[in-house]
Amino acid sequence: MVDVAFEGGSAMTVRDQADRAQVLQRLRIGDIAFRHLTRAAAIVVLLILGGIIVSLVIGAWPALEKFGFRFLTSEVWNPVTEKFGAIAPVYGTLVTSLIAMLIAVPVGLFIAMFLTELCPLWLRRPIGIAIELLAGIPSIIYGIWGLFVFAPFLQQHVQPFLIDTFGNVPVLGNLFAGPPYGIGVLTAGLILAIMVLPFITSISRDVFEAVPPVLKEAAYGLGSTTWEVSRYVVLPYTRVGVIGGVMLGLGRALGETMAVTFVIGNAHRVSPSLLAPGTTISATIANEFTEAVGDLYTSSLVALGLILFVITFIVLAFARLMLMRLNARVGA
Amino acid sequence: MALYETRRRRNALAKSMAVAATIFGLTWLVLILAVLLWEGFSGLSLAVFTQMTPPPGSAGGLLNPIAGSLVMTTIAVAIGTPLGILAGTYMAEYGRYDKLAFVVRFINDILLSAPSIVIGLFIYEVMVAQMGHFSGWAGAVSLAVIVVPVVVRTTEDMLILVPDTLREAAASIGLPRSLMIRKVAYRAARAGMVTGVLLAVARISGETAPLLFTALNNQFWSLDLNAPVASLPVVIFQFALSPYKDWQQLAWTGALIITLAVLALSIIARSLASARKSS
C-alpha cells in the first residue's frame, strides 16, 4: 500500500496522480481510524472501572436501602431471618491484613536490604528470581497448602505453645484464648504474610537500588556501618516508594480470596481471640455467593463486595500517588 | 570506645536479621514447592489427563476442568489482548502526555491489583444475572477483564522503550503514523509485548475467585460456553475442601499442574525479556 504512493516518479500522468491521491486518502482515513480505535480501547479501560462501580452499587442497593447505615455496624449475619451486617467480615479483613503487614513489612525490608547491601553479586539474581517465583504462585496453591500442611502444623505445635505462654497473661491472653482449631484468623494472617512478602520485597528492592550510589558511598566514607547507611540514608531517601510498595501489598492482602477462604473457618462473629475462626469479606463472598437464596442475601454479599472495592480502591490509589511522586522526583 | 562497640553490635544484629529474613522468605518457597511436588506427583498418572472428574469415592481424572480452563483462558486472551494492546498503544504513541492517558494509566494500575473476586461480582451482575444462568462465556469475560490491565501496562512500557529516532526515521520517509506504529514500533517492542501476554496468561491460569460464580463448575464433559464449564482452579477449590481422599488427591495433582504451567510461563516470559535486553 505504501509502495504505491512512492511509485510514479517524475513522469507522472494524470491517472497516476489520481491514483496517488486516492492512496493518500486511504492512508489518511486508515490513520484516523487507527487513532480513534486506540483511543476507544483506552476509554474501554475507564468504562470497565465505571462498570464495576455502577454494577456493584446497583447490585448492593436493595441491601443498603433495607439496612442503611446499620449494615456497617451490625454483627448479625443470618440468612434465615434475612438480617445482615458487615462488621464481622470487615473486622476479619482488617485484622488478617494487619497481621500480614506486621510480619511482611519488616521481613520484606530486611530482605531488600540484604539483596541491595549485603548479598554477594552472584547470589543476587537467583534470590531475586526465587522471590519473584513466590509472587507468581497462584493464591489457590497457598490456600491448599495452608489447609493441609500449615494449619495442622500450627494446631499441633504452635498454637498450644501460644495458649500456654500467653493464655494467662491479662491483656494478651484475650488474643490467644480458646482451643487450637488450626484454622482461624491467625492462620489466615500468616498465609497472607507469606503471600504479600514477595510484593513488598521486590518493590523495596527496586526503590533501594534507585538510591544514587554517591549518597551511600559518602555515608560509608564517613565511617557509617551498613545498618546506619540503610537506616539513615537509604530508608529516608526511599520512604515514599517504600510506603507505596507497602500499600500495594496491603491492597493485595485486603482483596485476597482463595488463600484466606481455605483457612479462615467462615464464622460470622467478631472474636478478640486470634485463634478463633472468623471470616473476611472475600471469603464470605466466595463461600456463600453461589448458595445465596433470595435477593436480599445476594444483595448483601454484593454490598460486601462494594465495601471491599471502596477500601482497596482508596489504598491502591494512595499507593499509586506515592509511587508517582517518587517517579516525578527521580525524573526531575 | 563504648559507642563503637554499640554501633558494631547493632550493625552485626541488623546484618544477621537481614540474612535471617532472606532465609525465612526462601524457606516458605521451598516448603510450599516441596509439599506440592511430593503430594502432586504421587497422584500424577495418565488417567488424570484422560478421564473426567469422578464422583466421590472412585478414581478419575481432570480432563474436563483442564479442557475448560484451556478454552476459557484462550477466549480471555483473545478478547483481552487486542483491547489491551490498542489501549497501551494510545497511551504510549498518541496521548503520552495528555490527560486521558494520565487518567487511564492511573485507573489501569488500580485495576491491575483490584481484588479479583470483585471482578467476578461485576461479571455476575452484568452477564450471569442478565442471561439468567452461569456460563463459560461469563467466566471467559471475567478472565479477560483481568488480562486487559496486564497487557495495557506491558504494552505501554515496552512501546515507551522504543527509541524515538526509529519513529522519526519512519516519519521522515513519509510513513503515516498508524503504519509507523504497526510496522516499526510494534516490531521493535514485540518481545516485550509477548512477555506481557504470557504474564497475563500466567496470572489468569490460577485465578479462582472470578470463576466461582461466573463459569461455576461442571462435573461432566462440556465445552458448551452457554452452560457452566469446569475449570481447574474451581475444581481444586471444591475437591480440596471435600472430605473424600480421592478428591483431595486430585486437588493436589491439579495444583501441581497449575503451578508447573505458571512457572513455565513466567520462565519463558523472563527469558524472552532478558534475551531482548542483551541483544
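Residues numbered from 1 in each chain as written. Chains lettered and ligands numbered in written order. Predicted model: local features only at pLDDT ≥ 70, side-chain atom pairs only at ≥ 80, totals over all residues. Heavy atoms only, no water.

Whenever I open this one, the overall build of chain B confuses me. Can you help?
A count of helical and extended segments in chain B gives 11 helices and zero strands. Starting at the N terminus and walking to the C terminus, you meet the elements of chain B as α-α-α-α-α-α-α-α-α-α-α. In terms of C-alpha radius of gyration, chain B reaches 23 Å, well past the compact-globule figure of 19 Å for 279 residues. Taking the principal axes of the C-alpha coordinates as reference, chain B spans close to 70 × 70 × 35 Å. In chain B, which comprises 279 residues, the proportion classed as buried is 56%. Pairs at least 24 residues apart make up 74% of the contacts formed inside chain B by residues separated by at least 6 positions. With an accessible surface of roughly 11900 Å², chain B has 69% of that area assigned to carbon and sulfur atoms. Computing the positive centroid from 20 side-chain charges and the negative centroid from 13, chain B places the two 11 Å apart. (Helix = DSSP H or I, 4+ residues; strand = E, 2+ residues; numbered from the N terminus. Rg over C-alpha atoms; globule rule 2.2 N^0.38 Å. Buried < 20%, exposed > 50% of the residue type's maximum accessible area, 1.4 Å probe, protein only. Contact = heavy atoms within 4.5 Å. Areas by Shrake-Rupley, 256 points an atom, 1.4 Å probe, with all protein chains shown as cover. Lys, Arg positive; Asp, Glu negative; His and termini not counted. Charge placed at Lys NZ, Arg CZ, Asp CG, Glu CD.)

Explanation requested: a nonpolar patch on the surface in the structure shown.
There is a patch of nonpolar side chains on the surface, built from L37, F41, L44, F49 and L260 of chain B and spanning about 420 Å² of accessible area. Using a relative accessible area of 40% as the deciding quantity, one classes L260 of chain B as partly exposed. (Patch = residues over 30% accessible without salt bridge, like charges linked within 9 Å, V, L, I, M, F, W, Y side chains within 5 Å. Salt bridge = Lys/Arg side-chain N within 4 Å of Asp/Glu carboxyl O.)

Looking at this model, I keep getting lost on the interface of chain B and chain A. Mind explaining?
Many descriptions give the size of an interface as the accessible area lost when the pieces come together. Contacts between the two partners involve 84 residues from chain B, matched on the other side by 81 residues from chain A. Of the roughly 7300 Å² buried where chain B meets chain A, counting both sides, 82% is carbon and sulfur surface. The interface formed by chain B and chain A holds three salt bridges in total. E132 of chain A is the salt-bridge partner of R270 of chain B, the closest N and O atoms lying 2.6 Å from each other. Where chain B meets chain A, there are eight residue pairs in polar contact (both at pLDDT 80 or more). Here the side of chain B that touches chain A gets 20 residues from one element, more than from any other, and that element is helix α1 (residues 2–41) of chain B. (Buried area = accessible area lost by both parts, 1.4 Å probe. Polar contact = N/O pair within 3.5 Å; in protein donor to acceptor, adjacent residues only side chain to side chain.)

Explain helix α4 (residues 99–112) of chain B here, please?
Every α-helix carries 3.6 residues per turn, so stepping three or four residues along brings you back to the same face. Residue and element names in this part refer to chain B. Compared with an ideal rise of 1.5 Å per residue, which puts 14 residues at 20 Å, α4 spans 20 Å between its outermost C-alpha atoms and is within 8% of the ideal. For α4, the tally of buried residues reaches 10 of 14 residues, placing the bulk of the element in the interior. Those residues of α4 lying buried are L100, A101, V104, F106, I107, N108, D109, I110, L111 and L112. Measuring from the backbone nitrogen of L100 back to the side-chain oxygen at the start of α4 gives 3.4 Å, which picks out D98 as the cap. (Expected span 1.5 Å × (residues − 1).)

Sorry, what's going on with the side chain of E156 of chain B here?
Relative to the helices and strands, E156 of chain B is located in helix α6 (residues 136–161). If we ignore the near neighbours within four places in the chain, the residues touching E156 of chain B are G88, M91, A92 and R105 of chain B.

Would you explain the confidence of the model for chain B in this entry?
Averaged over all residues, the pLDDT of chain B equals 90, while 98% of them reach at least 70. Both scores are given for the predicted complex: the pTM is 0.90, the ipTM 0.91. (pLDDT = per-residue confidence, 0-100.)

I'm lost on the pattern of salt bridges in this one. Help?
When charged atoms on two side chains of opposite charge get close, those side chains can pair. The tally for this structure, following the rule as stated, stands at 13 salt bridges over all chains. Put simply, E132 of chain A and R205 of chain A hold a salt bridge, and the shortest N to O gap is 3.0 Å. Of the two residues, E132 of chain A sits in helix α5 (residues 121–136) while R205 of chain A sits in helix α8 (residues 185–209), which places them 73 residues apart along the sequence. Accessibility expressed as a relative area gives 26% for E132 of chain A, which makes it partly exposed. For E93 of chain B, the salt bridge goes to R167 of chain B, with nearest N and O atoms at 2.8 Å. Placement of the pair is E93 of chain B in helix α3 (residues 63–94) and R167 of chain B in helix α7 (residues 164–172), with a sequence separation of 74 residues. Given the relative accessible area of 8%, R167 of chain B is considered buried. The network of salt bridges with shared partners includes E132, R205 and D206 of chain A together with R270 of chain B.

Whenever I open this one, the packing of aromatic side chains confuses me. Can you help?
Any two aromatic rings considered together are summarised by their centre-to-centre distance and by the angle between their planes. Scanning all chains against the criterion turns up 20 aromatic pairs over all chains. Ring geometry for F67 of chain A versus F84 of chain A: centroids 6.2 Å apart, planes at 80°, classification edge-to-face. Taken together, the positions of F67 of chain A in helix α2 (residues 14–67) and F84 of chain A in strand β2 (residues 83–84) put the pair 17 residues apart, joining distant regions of the chain. In terms of burial, F67 of chain A and F84 of chain A fall into one category: buried. Taking 4.5 Å as the distance between ring centres and 45° as the angle between the ring planes, the aromatic pair formed by F289 of chain A and F213 of chain B counts as tilted. With F289 of chain A in the loop between α12 (281–288) and α13 (295–331) and F213 of chain B in the loop between α9 (209–212) and α10 (232–240), this residue pair bridges two chains. Residues F289 of chain A and F213 of chain B agree in their burial class; the two are buried. (Phe/Tyr/Trp six-rings, centres within 6.5 Å; stacked < 30°, edge-to-face > 60°.)

Even after reading the chapter, I still don't get the packing of helix α4 (residues 87–118) of chain A against α5 of chain A, so can you show me in this structure?
A pair of packed helices can be characterised by two numbers: the angle between their axes and the separation between those axes. Residues and elements named next belong to chain A. Relative to each other, α4 and α5 sit at 155°, their axes nearing to 10 Å. Compared by their axis directions, α4 and α5 come out roughly antiparallel. Crossing of α4 over α5 shows left-handed handedness. Along its contact with α4, which presents I111, F114, L115 and T116, the element α5 presents R124, I127 and I131. Looking at the contact of α4 with α5 residue by residue, the classes come out as five nonpolar, one polar and one charged. (Axes fitted to C-alpha atoms, helices over the stretch in contact; angles between N-to-C directions. Parallel < 35°, antiparallel > 145°, perpendicular 65-115°, else oblique. Left-handed = near helix turned anticlockwise from the far one by under 90°. Nonpolar A, V, L, I, M, F, W, Y, C, P; charged D, E, K, R; others polar.)

How should the confidence of the model for chain A be read in this particular structure?
Interpreting fine coordinate detail is not advised for predicted regions of low pLDDT. Of the residues in chain A, 95% have a pLDDT of 70 or more, and the chain-wide mean is 88. The least confident element of chain A, judged by mean pLDDT, is helix α1 (residues 2–6) of chain A at 50; the most confident is α4 of chain A at 94.

Looking at this model, I keep getting lost on unusual backbone geometry. Mind explaining?
In the Ramachandran plot, E82 of chain A falls in the positive-phi region, its phi being about 55° despite a non-glycine side chain. With respect to the secondary-structure elements, E82 of chain A resides in the loop between β1 (77–78) and β2. At L216 of chain B, a residue that is not glycine, the phi angle is positive and equals roughly 55°.

Can you help me understand the environment of F34 of chain A in this one?
Among the structural elements, F34 of chain A can be located in helix α2. The residues touching F34 of chain A, leaving out its near neighbours within four places in the chain, are L86, T89, Y94, S178, I181, R182 and Y186 of chain B.

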